[in-house]
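A structural walkthrough
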Amino acid sequence: MTVRGKAAIVGIGEFKPSRYTQGATTLGMLAQVARDAIADAGLEMSEVDGLITEGFAEAPFMAPSTVVEYLGMKAAFAEVVDLGGATGAGMVSRAAAAIAAGFCETVVCVTAARREQPTTPGPKRSATTGWAGRRTDRTPYSEFEEPYGAVGANMGYAMIAQRYMYEYSVRPEQLAQIAVAQRYNACHNPDAMFFGQPITIEDVLNSPVVVDPLHLLEIVMPVAGAAALVITSARKAKKAKQPPVYILGAGEQTTHRSITYAPSLTNTAIKASADLAFKMSGVRRRDIDIASLYDCYTITVLLTLEDAGFCKKGEGGAFVDEHNLQFNGDFPLNPHGGQLSFGQAGLAGGMSHVTEAARQLMGRAQGRQVKKPRFAFVNGNGGIMSEQVSLVLGRENSP
Amino acid sequence: MSDETVTAPAEARAYSKPLPTPTPTSQPFWDAAKEHRLIIQRSRRTGRRVFYPRLVSPYGPDDELEWVEASGRGIVYSFTVARRPTAPQWGEECPYVIAIVELEEGGHLTTNIVECDPDTVRIGMPVTVVFDDVTPEVTLVKFKPAFSA
């Protein structure tokens, strides 16, 4: 048994990203965005019997029951997903699995990130995630990496990009083009953080290098926001208010936490997760109308294009040259602008790749609508290419 | 005597960056580093080197890990030059090099490449271990180019 066609996305909730949310609580945001998604699906709270949440700082233990209680739900299935940026996609596959297994019929999946304006200038990390110097964890990373300044994701992705350029080859202009195409898309999405601010390849390459070889405009910007989905059984989806978006395939692969110990810096676990998702779905790569690929950095997109099988290894740069990645091009990539231009609201940033794919397949993407899409491929990536979750979504429940 | 008691805590305070908290499993590594020796775990079954120090081998349930000396030689597997600080405590140090070093015997570790111009670091560059006594208690394991430019 697989989850193919057993469940469908029927409701979407998403906040317009903002720089800061003074005084907001994550719990309150999770509840609001859950309510929005359930209302979007045209359902009553009493019809939702499953809850999947992220873990959040205000509820370090028992996050699912905290959200269930706040929403006044009765959950036959309640759990937390902890797959870094792949959490949103992982929630979808787990919701489909729970529904297929008969644990519950309708699941709401919630993610949210609040963000307080810093009171002092300079780089810092939120107290919720911890950083070097704060003993929030006692792991091999606090012991063997943080003492060397190996803190945060930038340096990890920079080392991936350096190694990629050593083993294969990609021109800085080709990586920049990914950011430029997504910014074009964001300029057609009024909800995007960078709406109304088009950029050129020169802008990307002239932006400061933060960690070699990554330029500022190739690095995702943290924002506040929230995203939620309602997923229900195929049976119930037939009567849904919104056109259902079926989960046709799902695959997952986790191999490491720190990039230091990754089996490879350039051949990622995306191959395994994407191969499983495609095989399960019966959908071919060439039938994909929308690629919604996790884009914390431009190099992430390049590796995903290759390892998910849209082009051969080492040919990602040429693929970018040969295709128009705009929502109105021949290979629509991250029509909402991607996280690079929509904004990365914590784990809701990763979830935005699912909400956008669903919105597009429902035909609700307004000024950035891809023409009559049938199938979308979503990839969620957590940590430093650590956790991978791939999804194939479609308008029909059997391709 | 009174000078000494004043000086030592002041020196300890002067080092503001995060320090490792050894575990019983990793303590031999840090003890050796303090003696300016690099040791690493080796899988008895496969002979492969394992880093970071572990209680359990990643090479199977019948395997055991044992500590062996490492030559301290390796190559830069990948690296980046931080042009902006990766954490606030490194604010004054840019540019600095964070790297994954592949040891001659095998095994990857994250470290800094020091005693060189960051712009001369390359993937594949031979490096050799240097021991940085950052506090009286803690010695960090860093690397420098094996051949001066």
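Preceding this section is the structure that the text describes.
Residues numbered from 1 in each chain as written. Chains lettered and ligands numbered in written order. Predicted model: local features only at pLDDT ≥ 70, side-chain atom pairs only at ≥ 80, totals over all residues.

**Here we look at the overall build of chain B**
- Looking only at helices and strands, chain B features two helices and eight strands.
- Moving toward the C terminus, one meets the helices and strands of chain B in the order α-α-β-β-β-β-β-β-β-β.
- Taking the principal axes of the C-alpha coordinates as reference, chain B spans close to 55 × 40 × 25 Å.
- By the burial criterion, 29% of the 149 residues in chain B qualify as buried.
- The long-range fraction of contacts in chain B, counting pairs at least 24 apart against all pairs at least 6 apart in sequence, stands at 50%. (Helix = DSSP H or I, 4+ residues; strand = E, 2+ residues; numbered from the N terminus. Buried ≥ 20, exposed ≤ 12 C-beta atoms within 10 Å, placed from the backbone. Contact = placed C-beta atoms within 7 Å.)

**Re the interface of chain B and chain A**
- Counting residues at the interface gives 30 residues for chain B, matched by 33 residues for chain A.
- Among the elements of the structure, β4 (73-82), β5 (96-103) and β6 (108-113) of chain B are those that each provide at least two residues to the side of chain B that touches chain A.
- In terms of residue class, the side of chain B that touches chain A is built from 17 nonpolar, ten polar and three charged. (Nonpolar A, V, L, I, M, F, W, Y, C, P; charged D, E, K, R; others polar.)

**Quick notes on the sheet that holds strand β2 (residues 49-50) of chain B**
All names here are of chain B.
- Spatial strand order, β2-β1-β3: three strands in an open sheet with antiparallel pairing. Both edges of this open sheet fall to β2 and β3 (65-69), since each of them pairs with a single strand only.
- Sheet topology places strand β1 (residues 39-43) next to β3; five bridges connect them, and they run antiparallel. Paired with S43 across the bridge in β3 is L65. (Pairing = 2+ DSSP bridges.)

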